[in-house]
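Inside the fold
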Amino acid sequence: MVAKNGVTLNTVRQSKQYRSGFRAQDGQHSSNLSIIGANGKDLQIEVPTGVTVIADAFKRKLADLNKNNDQVAVAIGGRGGDRTNAFCGSPGQRMMIKLDLKMIADVGLVGFPNAGKSTLLRALSRASPKIASYPFTTIKPNLGVIEYAPAHQQKGLVLANKKRAATLKASSAEHFNCDFRQISVADLPGLIDGAHRNIGLGHSFLKHIVRTKLLLFVVDIDGFRNAGGVEYHETWSSKEPVQVIQSLVNELDLYDSSILRTKPSMLVVTKLDNTNKRRQFEELMDELRKATITIPSMEEARKEQSSADENAPNSDRVNFEFDRVVGVSSVTKFNIDRLKGLIRRLIDIDAESKLQHVSFKQLLEKNKDDLDLFLDDDEEDKENHLQQSGSSH
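Conventions adopted
Residues numbered from 1 in each chain as written. Predicted model: local features only at pLDDT ≥ 70, side-chain atom pairs only at ≥ 80, totals over all residues. Heavy atoms only, no water. Helix = DSSP H or I, 4+ residues; strand = E, 2+ residues; numbered from the N terminus. Buried < 20%, exposed > 50% of the residue type's maximum accessible area, 1.4 Å probe, protein only. Contact = heavy atoms within 4.5 Å. Expected span 1.5 Å × (residues − 1). Phe/Tyr/Trp six-rings, centres within 6.5 Å; stacked < 30°, edge-to-face > 60°. Lys NZ or Arg CZ within 6 Å of the ring centre and 35° of its normal. Core = buried A, V, L, I, M, F, W, Y, C linked by side-chain atoms within 4.5 Å. Salt bridge = Lys/Arg side-chain N within 4 Å of Asp/Glu carboxyl O. pLDDT = per-residue confidence, 0-100. Pairing = 2+ DSSP bridges. Axes fitted to C-alpha atoms, helices over the stretch in contact; angles between N-to-C directions.

1. Concerning the overall build of the protein
Counting its secondary structure elements, the protein contains 12 helices and 11 strands. Counting only residues that meet the buried cut, the protein has 42% of its 393 residues in that class. For the protein, the share of sequence-separated contacts (at least 6 apart) that also reach a separation of at least 24 residues comes to 69%.

2. Focus: helix α5 (residues 241-255)
The end-to-end C-alpha distance of α5, which contains 15 residues, comes to 21 Å, matching closely the 21 Å that a straight helix rising 1.5 Å per residue would cover. Extensive coverage of α5 is indicated by the burial of 11 of its 15 residues. Those residues of α5 not exposed but buried are Pro241, Val242, Val244, Ile245, Gln246, Ser247, Leu248, Val249, Glu251, Leu252 and Asp253.

3. Considerations on the packing of aromatic side chains
Per the stated rule, a full pass over the model turns up four aromatic pairs. Judged by centre distance (6.0 Å) and plane angle (50 degrees), the rings of Phe217 and Phe320 are tilted. With Phe217 in strand β9 (residues 214-220) and Phe320 in the loop between α8 (296-308) and β11 (324-327), the pair connects residues that are 103 residues apart, well separated along the chain. Here Phe217 and Phe320 have matching classes, each one buried. One cation-aromatic arrangement involves Arg278 over Phe334; the distance from NZ or CZ to the ring centre is 4.1 Å. Over the face of the ring belonging to Tyr148 we find Arg344, whose NZ or CZ atom lies 5.0 Å from the ring centre.

4. Regarding the side chain of Ser330
Along the chain, Ser330 falls in the loop between β11 and α9 (336-356). Not counting residues up to four positions away in its chain, the partners in contact with Ser330 are Thr119, Leu120, Ala123 and Ile336.

5. So, the nonpolar core
Grouped together as the largest cluster of nonpolar side chains are 33 residues, with contacts concentrated most on Phe217 and Leu267. Of all the secondary structure elements, the ones that give two or more residues to this core are α4 (202-209), β9, α5, α6 (258-262), β10 (265-270) and α7 (275-290). With six residues, α5 is the largest single contributor of residues to this core. Formed by 28 residues, the second largest nonpolar core is a distinct cluster that contains Leu120, Leu214, Leu216 and Val326.

6. Overview of unusual backbone geometry
The phi dihedral of Asn114 falls on the positive side, at around 65 degrees, and the residue is not glycine. In this fold, Asn114 is placed in the loop between β6 (107-110) and α2 (117-124). Among the residues examined, Asn114 registers a relative accessible area of 28% and is labelled partly exposed. Although it is not a glycine, Lys333 adopts a positive phi angle of roughly 70 degrees. Mapping Lys333 onto the fold places it in the loop between β11 and α9.

7. Description of the pattern of salt bridges
Taken as a whole and assessed by the stated rule, the structure comprises 11 salt bridges. Of the charged contacts, one joins Lys59 and Asp56 as a salt bridge, the two residues approaching to 3.1 Å between their closest N and O atoms. Across the pair Lys213 and Asp106 runs a salt bridge, and its minimum N-O distance is 3.2 Å. You can see Lys213 sitting in the loop between α4 and β9 and its partner Asp106 sitting in the loop between β5 (97-101) and β6, a full 107 residues away along the chain. The exposure class assigned to Asp106 is buried, which follows from its relative accessible area of 15%.

8. Side note on the confidence of the model for the protein
Residues at a pLDDT of 70 or more form 71% of the protein, whose mean pLDDT is 77. The lowest-confidence element of the protein is helix α12 (residues 379-392), averaging 46 in pLDDT; the highest-confidence one is β10, averaging 95. Contacts of residues 155-160 to residues separated by more than four positions or lying in other chains number eight contacts, the stretch itself having pLDDT below 50.

9. So, the sheet that holds β9
Strands sit in the order β7-β8-β6-β9-β10-β11 across an open sheet of six strands; the sheet is mixed. In this open sheet, the two edge strands, each paired with only one partner strand, are β7 (142-148) and β11. Within this sheet the neighbouring strands show an average axis-to-axis angle of 25 degrees, counted without direction. Where β6 lies against β9, four bridges are found, and the strand directions are parallel. If you follow Gly108 over to β9, its bridge partner there is Leu215. Against the sheet, α5 engages β6, β9 and β10, with an angle of about 145 degrees to β9.

10. Points about the environment of Pro241
Tracing the chain through its elements places Pro241 in helix α5. Put simply, Pro241 and Asp220 are 21 residues apart on the chain and 6.9 Å apart in space, counted from C-alpha to C-alpha. Residues in contact with Pro241, not counting those within four places in the same chain, are Val219, Asp220, Ile221, Asp222, Gly223 and Leu284.

Quick look at the structure:
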């Protein structure tokens, strides 16, 4: 199997051999010209980039084909007859294969149901995901693209007011280069407690996280509320924002402990649509500074190390820290341009760290002053957003 850009699973399904089974060409029989017949030709099946190839009978992963032209041999042809085996050949292998495709995106939105992920995706990009007031509105990933263009030039945006267009252009240029670069964002189905055990949409959600470069933890300023009714399961407990963050960290780490260790992450607190919500955000920031968000796998490793060496010092609990925290309103567009700028910088710093073989945290600290500029609200900007929120409600 060979990974090819542009190929989809539908392309594989529409192949003539899909229903009957893919079969390589047989080798040739002996002839008057040659007692050993020619070998058959290999069969190459083109599959989408980003697919995981699984041997269905053994439930064993054979390979991850993450780059264009990556390939793996899934079945070996039989040996032809010759004098070493008394001209008694052996048949080739037969194998049932499962293809599991993970979405490729630069940014993955992680959050509980109804946290505002789809609304945020719409604010960041031109995507039009389904939005409603009940949980699990998103049941399959939606993909949007952030375009780093002046706001008045973005596709689908019509501005009749020239003064407003000039203001938006200046705002965009303040937070990022308007060079028409594009960054893809995946809005993934909501996560609930037990997702790592495949509860809810479980693994169908979590598997897509593996392919992203940056994690955006999207948390409602009011946390998660079980409003009751047929849309909410009775076992779902209401949670405050800090409890939601701990649950999200738990589920990602228990599914794959490498995710939180290898990917940069940012906390995005949503629905800051008015003055009261923004004061509430400041209170949440104070609470986060005092809170202890632990990573289960690292905490367990620390305990094992302590028990193995009784004389070892009892180190502090292992805390999870976000690389940046920002509060936004997808309705009034408060801090949306700042968020776009932060997303771009964090992805660039992560790529630079891999090229230079330097720790991401070291480069992040080196660029601290540059990144902090994205979070410095001036009073005039705050007042403008407050006026917008007042007129929109």
